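The residues making up each chain are set out below.
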Amino acid sequence: MDADEFRDRAHQLVDWMADYLRDVESHNVVPNCAPGEIRAKLPTEPPDSPEAFDAIFRDFRSLIVPGMTHWNHPGWFGYFPANNSPPSILAEMLVATLGAQCMSWQTSPAATELEEVTLDWLRQLLGLPETLTGVIQDSASSASLVALLCAREQALQSDRQSLNSLTVYASAEAHASVEKAAKLAGFRSENFRTIPVDGRFALDPKALAEAISEDRRAGRQPACIVATLGTTSSTAIDPLAQIAAIARDVDCYLHVDAAYAGAAALLPECRSMLAGIDSVDSFVFNPHKWLLVNFDCSAHFVRDVDLLLKTMSTAPDYLKTAHDADVKNFRDWGIPLGRRFRALKLWFVLRSYGSRGLRDMLRQHIAWGHRLHGWVDAAANFETMAPSPLGLVCLRWHPRDWAGDNAELDALNLELLRRVNACGDVYLTHTRLAGQVAIRVAIGQRTTNESDVHRVWDTLREQAATL
Ligand SMILES: *Cc1c(COP(=O)(O)O)cnc(C)c1O
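Residues numbered from 1 in each chain as written. Predicted model: local features only at pLDDT ≥ 70, side-chain atom pairs only at ≥ 80, totals over all residues. Heavy atoms only, no water.

## So, the nonpolar core
Core analysis: the biggest nonpolar cluster contains 74 residues, and Ile225, Phe283 and Phe285 have the highest contact counts within it. Considering every element that reaches this core, the biggest residue donor is helix 11 (residues 343-378), with nine residues. Ignoring sequence-local partners within four residues, the contact set of Phe285 consists of Leu122, Leu126, Ala258, Ala259, Gly262, Ala263, Leu291, Ser298, Ala299 and Phe301. Counting residues in hydrophobic clusters, the runner-up holds 30 residues, among them Val146, Ala181, Leu308 and Met312. (Core = buried A, V, L, I, M, F, W, Y, C linked by side-chain atoms within 4.5 Å. Buried < 20%, exposed > 50% of the residue type's maximum accessible area, 1.4 Å probe, protein only. Helix = DSSP H or I, 4+ residues; strand = E, 2+ residues; numbered from the N terminus. Contact = heavy atoms within 4.5 Å.)

## Observations concerning the sheet that holds strand 8 (residues 382-384)
Taking strand neighbours across the sheet as the criterion, the four strands line up as 8-9-11-10 in an open arrangement whose pairing is antiparallel. Each of the sheet's edge strands pairs with one partner strand only, and the pair in question is strand 8 and strand 10 (429-433). Averaged over neighbouring strand pairs, the angle between their axes works out to 40° when direction is ignored. The sheet contact formed by strand 10 and strand 11 (residues 436-442) spans five bridges and is antiparallel. Its bridge partner lying in strand 11, Arg432 is registered against Val437. (Pairing = 2+ DSSP bridges. Axes fitted to C-alpha atoms, helices over the stretch in contact; angles between N-to-C directions.)

## Quick word on the site of the ligand
Taken together, 13 residues are adjacent to the ligand, and Ala140, Ser141, Asp257, Asn286 and Lys289 come closest. Measuring from an oxygen atom of the ligand, one finds a backbone N or O atom of Ala140 at 2.8 Å. Note that an oxygen atom of the ligand is positioned 3.1 Å from one of the side-chain N or O atoms of Thr232. Contact with the protein chains covers 87% of the free accessible surface of the ligand, which is 390 Å². The pocket occupied by the ligand, as judged from atoms lying within 2 Å of grid points, is the second largest pocket. Of all elements in the fold, only helix 5 (140-159) and helix 9 (287-290) reach the threshold of two or more residues within the shell around the ligand. Class assignment of the residues belonging to the shell around the ligand gives a composition of three nonpolar, eight polar and two charged. (Near = heavy atom within 4 Å. Polar contact = N/O pair within 3.5 Å; in protein donor to acceptor, adjacent residues only side chain to side chain. Areas by Shrake-Rupley, 256 points an atom, 1.4 Å probe, with all protein chains shown as cover. 1 Å grid on protein atoms, 1.4 Å probe; cavity = no way out; pocket = protein on both sides within 12 Å on 5 of 7 lines; lining within 4 Å. Sits in = over half its atoms within 2 Å of the grid points. Nonpolar A, V, L, I, M, F, W, Y, C, P; charged D, E, K, R; others polar.)

## Regarding unusual backbone geometry
For the peptide bond that leads from Phe295 to Asp296, omega is 10°, which places it in the cis range. Within the element layout of this structure, Asp296 appears in the loop between helix 9 and strand 7 (298-302). Although it is not a glycine, Phe201 adopts a positive phi angle of roughly 70°. Along the chain, Phe201 falls in the loop between strand 3 (192-195) and helix 7 (205-217).

See below:
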């Protein structure tokens, strides 16, 4: 493909992209396809001769797009949002064009320095202390793994303890990536403590303190506590200030997983969840969830950079450069060597929307979440299953005169979810809270409007009437 053809094709694709973003609502949110259906339409062997770009692009439209789930759809209420935005998409085009490996300062100085600047902007926007320094990881899961590796390093260096005696604590509602990170970091599975939650699904600090005391009495050493701000099932907010005090008492590493909810700290009215942040060891949140930056972009902040570098760095000759002593080499701040230039899309987004634009969006989503929560509470046949501090509402169908048992109610709610999703213009997912099926309505997609929130509530009520 020569430069002229590249130019023509790029224009053609940008036209398709603009139409897609404008008309995304014309698709069903999730495709209707059976496992293996798409694979069966594709050749089993790679092409021998070069193919025309027209043929490739035609197959993209006819075979691939119909098999995609449309996360940009205004009826997206599943999981958490994975937002993108026009400025972020444009930045990704430039990143692909530059094709740079941003592993060290030397391999693209601007990429490293823009990452330093944009992460410090984020730190200020969220009101995080100056003692935290940011780095972009590919995902919150990776950031949590890095945190647990640092916690392990710290615990092993301070007490000459064996890895077998180190314990890790997280609430019963913590994300599965935390337990996975503990497993990958080599902590024994029987030393991973699942701390009970209170009636609002937040970690019970008294139970945490008790679990830690019991472990210490038995000669085990607490290595890491993971607090969650905004759990995945219900956006419960663990009491960080109390957890931080416990961590300080026993000199234990404290990591905060705020993958989804961290973005809300842009709003002064949501900052109270950060009380206690001054003494945390690391904090992660995902601009790729609720801050309009394409996946992947996870903002990971750490307090003790020396500990991080001690844990993560190696210095083979082939990577040494003349400036190593004076610069950040972000390859030593995470697991993979190779790094994409992810700061560019963050920069484009922060400048295009400004903090004001981002705050307006967050406030709107949260206000709609509160409104939906109120409608559900007021409805005779529905109930909310958890508080809605942010944009997520957990609910279920539960008629006042219900005489059946809980298992039956669970089955009917899963059937309701199936019928709602089959309508095609909204998409919801479920979880279990206190053992019961809850339907999650996660409001946070950039394209969602108030009318879409009305539509999801109407659809839930209409489909419930058919049960
Ligand atoms: C989404 C989520 C994660 C996982 O995020 P990735 O970036 O996909 O790894 C972790 N923790 C919480 C609380 C989440 O909501």
